[in-house]
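Close look at the chain arrangement
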Amino acid sequence: MSRTFDVAVVGATGLVGDSMIRILEERNFPVGKLYPLASARSAGRSVDFRDRACQVEVLDGFDFHKVQVAFFSAGGSVSAEHAPRAAADGAVVIDNTSHFRYEDDIPLVVPECNAARIADYAKRGIIANPNCSTIQMVVALKPIHAAVGIERINIATYQATSGAGRSAMENLTAQTKALLAGTAVDAGGGEKPVAFNAVPKIAHLLDTGYTMEEMKLIWETRKILEDPDIMVNPTCVRIPVFIGHSEAVHIETRTKITVPEARKLLNSAAGVELMDGDGPGEYPTAATDAAHRDAVYVGRIREDLSHPRGLAMWVVADNVRKGAALNSVQIAEILVNEVM
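Residues numbered from 1 in each chain as written. Predicted model: local features only at pLDDT ≥ 70, side-chain atom pairs only at ≥ 80, totals over all residues. Heavy atoms only, no water.

**Considering helix H9 (residues 321–339)**
Over its 19 residues, H9 runs only 24 Å from end to end, short of the ideal 27 Å by more than 12%, given 1.5 Å per residue. Residue Asn327 marks the point of greatest curvature in H9, where the axis turns by about 35°. (Helix = DSSP H or I, 4+ residues; strand = E, 2+ residues; numbered from the N terminus. Expected span 1.5 Å × (residues − 1). Bend = angle between axes of the 7 residues up to and from the residue.)

This is how it looks when you write it as structure tokens:
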């Protein structure tokens with residue numbers, strides 16, 4: 001009999017938690033028993049897994065001795081309280097929040113980039129999943145960095161509302177309906193509505209003038225690529241899209257790389273789908289190509305006219321799937337097949 005693993009999904013009724021459960025089934029992860037966990041307000045609900053309805057249990061008081069792997073996607077404060085408890089009970093925690101990402105003794109993993117770090121889970125029993133916008137960028141840049149080195153990254157992100165959860169997607173729908181009906185929209189808190197708009201502020205502003213979402217791209221890129229000298233200059237923008245983040249990425253390499261050389265690297269890179277033609281529609285977009293798919297799509301590769309070692313590209317991916325749920329499951333697959 002093949003080995004199975006009992007699995008908990010914390011935040012099972014949320015957007016990412018629901019996607020995790022579907023991906024576990026799609027990829028035939030060796031789940032023995034699934035424990036969907038959520039807050040008390042979700043008590044009595046159920047989730048479907050392998051043609052069975054699994055009752056959602058309340059996280060508070062759950063005995064993590066019952067499971068070997070625990071996925072967390074219910075917010076940083078929940079992970080702060082319960083992930084160490086789960087790890088102490090013997091479960092390996094794969095945490096999708098930002099709470100543990102910047103701690104030196106907790107690995108921050110994108111399997112296509114630094115799968116070897118998964119073994120470092122043994123230090124704390126926790127593996128951190130990076131931010132969605134970071135994941136797709138480093139998947140695209142890892143093969144180039146490995147080949148010629150990257151000195152500097154300028155990136156502008158165009159991020160879907162699903163990055164802020166199901167409620168943000170519902171708000172986009174409501175705002176769109178209101179504006180089409182000629183009704184004024186109040187986004188609340190003095191912020192600007194996202195419908196028919198581009199909002200250059202995701203998360204709170206820091207004293208530097210950068211947002212926390214932008215700083216995640218800096219810190220996480222350096223940690224995942226294991227290069228503290230990479231300079232990263234990000235601007236993160238929320239746009240009226242439901243699923244799929246887009247990124248305009250401009251890099252300066254240590255050694256010059258040509259467009260054909262970059263295409264060759266990316267064409268054979270794990271997790272990358274190259275769409276870089278010069279005909280109509282031969283470029284990727286979030287809605288038509290990335291949404292509900294696993295790959296990171298790369299196109300519009302061109303030499304930077306302003307820098308002798310510059311390269312520009314367009315990168316899109318499903319932020320809920322590859323940017324969160326799938327990346328977590330890929331970590332778990334390597335964990336149970338190669339590490340534990």
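**Some details on the environment of Asn327**
Secondary-structure assignment places Asn327 in helix H9. With relative accessibility at 0%, the residue Asn327 sits in the buried group. Reaching out from Asn327, the side chain makes a polar contact with the side chain of Asn129 at a distance of 2.6 Å. (Buried < 20%, exposed > 50% of the residue type's maximum accessible area, 1.4 Å probe, protein only. Polar contact = N/O pair within 3.5 Å; in protein donor to acceptor, adjacent residues only side chain to side chain.)

**With respect to the packing of helix H4 (residues 132–148) against helix H7 (residues 259–267)**
Between H4 and H7, the shortest axis-to-axis distance is 9 Å and the interhelical angle comes to 120°. Looking at the two axes, H4 sits oblique to H7. Note that H4 runs across H7; the crossing there is right-handed. Only Ala262, Leu265 and Leu266 of H7 make contact with H4, whose side of the interface consists of Ala140, Pro143, Ile144 and Ala147. For the contact of H4 with H7, a count of residues per class yields seven nonpolar, no polar and no charged. (Axes fitted to C-alpha atoms, helices over the stretch in contact; angles between N-to-C directions. Parallel < 35°, antiparallel > 145°, perpendicular 65-115°, else oblique. Left-handed = near helix turned anticlockwise from the far one by under 90°. Contact = heavy atoms within 4.5 Å. Nonpolar A, V, L, I, M, F, W, Y, C, P; charged D, E, K, R; others polar.)

**Details of the packing of aromatic side chains**
Evaluation of the coordinates by the stated rule reveals five aromatic pairs. Joined through ring pairs, the aromatic side chains of Tyr35, Phe62, Phe64 and Phe72 make up one cluster. (Phe/Tyr/Trp six-rings, centres within 6.5 Å; stacked < 30°, edge-to-face > 60°.)

**Examining the pairing of strand E6 (residues 69–72)**
Residues of E6 alternate between two faces, with Val69 and Phe71 on one and Ala70 and Phe72 on the opposite face, all of them buried. Pairing of strand E1 (residues 5–10) with E6 involves four bridges; the strand directions are parallel. Within E6, the residue paired with Val7 across the bridge is Val69. Bridging between E6 and strand E7 (residues 92–95) involves four bridges; their strand directions are parallel. Looking at E7, one finds that Phe72 is bridged to Asp95. Crossover connection from E6 via helix H2 (residues 76–88) to parallel E7: handedness right-handed. (Pairing = 2+ DSSP bridges. Right-handed = clockwise from strand over helix to strand, strands pointing away.)

These results come straight from atomic positions and should not be treated as a statement about function.
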